[in-house]
Amino acid sequence: MARSISKDMNKAGAKTKLDHYRKALKRKAEDLRRSMSAQNAAQIVARLDVPSDEGDLSQQSHEEWIFLNRNTLDLKLLREVEDALRRIHGSSYGVCAECSEPISAKRLDAVPWAKFCVRCQEAIGAGTVPSDDE
Ligand SMILES: [Zn+2]
């Protein structure tokens, strides 16, 4: 009997946790979208500001490179965040995509969009998800 009570409590706790992660993921997605559109706006302004000489031109292309690089990273992260939101809907959230083991709460708290457990992430070594130093 005690076992079923604690099971129910775990279930309720998991649901609250999931809601917490879902909110965190939505917030992160909004942040990323806002950051990308802000960068786009800055880029348009930069384009309107026509460089007056060669030195400015090379400086501008360097800034464009940084902008593209940063935007690509944001886009990549946004996709991971959206993937995690889909996993919440599909009830596969918090389970490692590689070994099917549950991902630790500590890791999910640090990286709510984590797709792999720490061990698999290290084995893959993709580096697309920030490490939480586990
Ligand atoms: Zn794993």
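Refer to the structure presented above.
Participant: For the packing of aromatic side chains, give the residues involved together with the corresponding values.
Facilitator: Under the definition given, this model contains 1 aromatic pair. Residues Y21 and Y93 carry aromatic rings whose centres are separated by 5.6 Å and whose planes lie at 50° to one another, so their mutual orientation is tilted. Placement of Y21 in helix α1 (residues 2-48) and of Y93 in the loop between α2 (54-89) and α3 (105-110) is noted, with a sequence separation of 72 residues between them. The same class applies to Y21 as to Y93, namely buried.

Participant: Describe the coordination of the zinc ion, and please don't skip the residues or the numbers.
Facilitator: For the zinc ion, every protein donor is listed as C96 (SG), C99 (SG), C117 (SG) and C120 (SG), and the spread of their distances is 2.3 Å. Geometry at the zinc ion is tetrahedral, judged from its 4 donor atoms and the angles of 104 to 117° they form at the metal. For the zinc ion, the donor residues sit on a single chain with the sequence spacing C-x2-C-x17-C-x2-C. Taken together, the positions of C96 in the loop between α2 and α3 and C117 in the loop between α3 and α4 (118-124) put the pair 21 residues apart, joining distant regions of the chain. Using a relative accessible area of 3% as the deciding quantity, one classes C96 as buried.

Participant: Lay out the nonpolar core with the relevant residues and their values.
Facilitator: Counting residues in hydrophobic clusters, the biggest one holds 21 residues, and the most contacted among them are L25, V81, Y93, C96, L108 and W113. Of all elements in the fold, only α1 and α2 reach the threshold of two or more residues within this core. For this core, the element with the highest residue contribution is α2, accounting for 6 residues. Among the domains, domain 1 (2-92) and domain 2 (94-134) are the pair contributing at least three residues each to this core. Excluding anything up to four places from it in sequence, V81 contacts L25, K28, A29, L32 and W113.

Participant: How would you sum up the side chain of D74? Please name residues and give values.
Facilitator: Take D74: it is sitting in helix α2. R70 is the oppositely charged side chain nearest to the buried, salt-bridge-free D74, at an N-O distance of 6.5 Å. Look past the residues within four positions of D74 in its chain and what remains in contact with it is L32, S35, M36 and Q39.

Participant: Tell me what's going on with the pattern of salt bridges, and back it up with residues and numbers.
Facilitator: All told, the structure shown has 7 salt bridges when counted by the stated rule. In this structure, R22 engages D19 in a salt bridge whose closest nitrogen and oxygen atoms are separated by 2.5 Å. With a gap of 3 residues between them, R22 and D19 both fall in helix α1, about one helical turn apart. Taking the relative accessible area as the measure of exposure, R22 reaches 25% and is therefore partly exposed. The closest approach of N and O atoms between E30 and R34, which form a salt bridge, is 4.0 Å. Of this pair, E30 and R34 both sit in helix α1, 4 residues apart, which is roughly one turn of the helix. In the salt-bridge network here, residues are joined through shared partners; they are D19, R22 and K23.

The rules behind the values
- Residues numbered from 1 in each chain as written.
- Predicted model: local features only at pLDDT ≥ 70, side-chain atom pairs only at ≥ 80, totals over all residues.
- Heavy atoms only, no water.
- Phe/Tyr/Trp six-rings, centres within 6.5 Å; stacked < 30°, edge-to-face > 60°.
- Helix = DSSP H or I, 4+ residues; strand = E, 2+ residues; numbered from the N terminus.
- Buried < 20%, exposed > 50% of the residue type's maximum accessible area, 1.4 Å probe, protein only.
- Donors = N, O, S within 2.8 Å, 3.2 Å for Na, K, Ca; no water.
- Tetrahedral: all angles 85-135°; square planar, octahedral: opposite > 155°, others 65-115°.
- Core = buried A, V, L, I, M, F, W, Y, C linked by side-chain atoms within 4.5 Å.
- Domains from an automatic or database assignment.
- Contact = heavy atoms within 4.5 Å.
- Lys, Arg positive; Asp, Glu negative; His and termini not counted.
- Salt bridge = Lys/Arg side-chain N within 4 Å of Asp/Glu carboxyl O.

What is shown is where atoms sit, not what they do.
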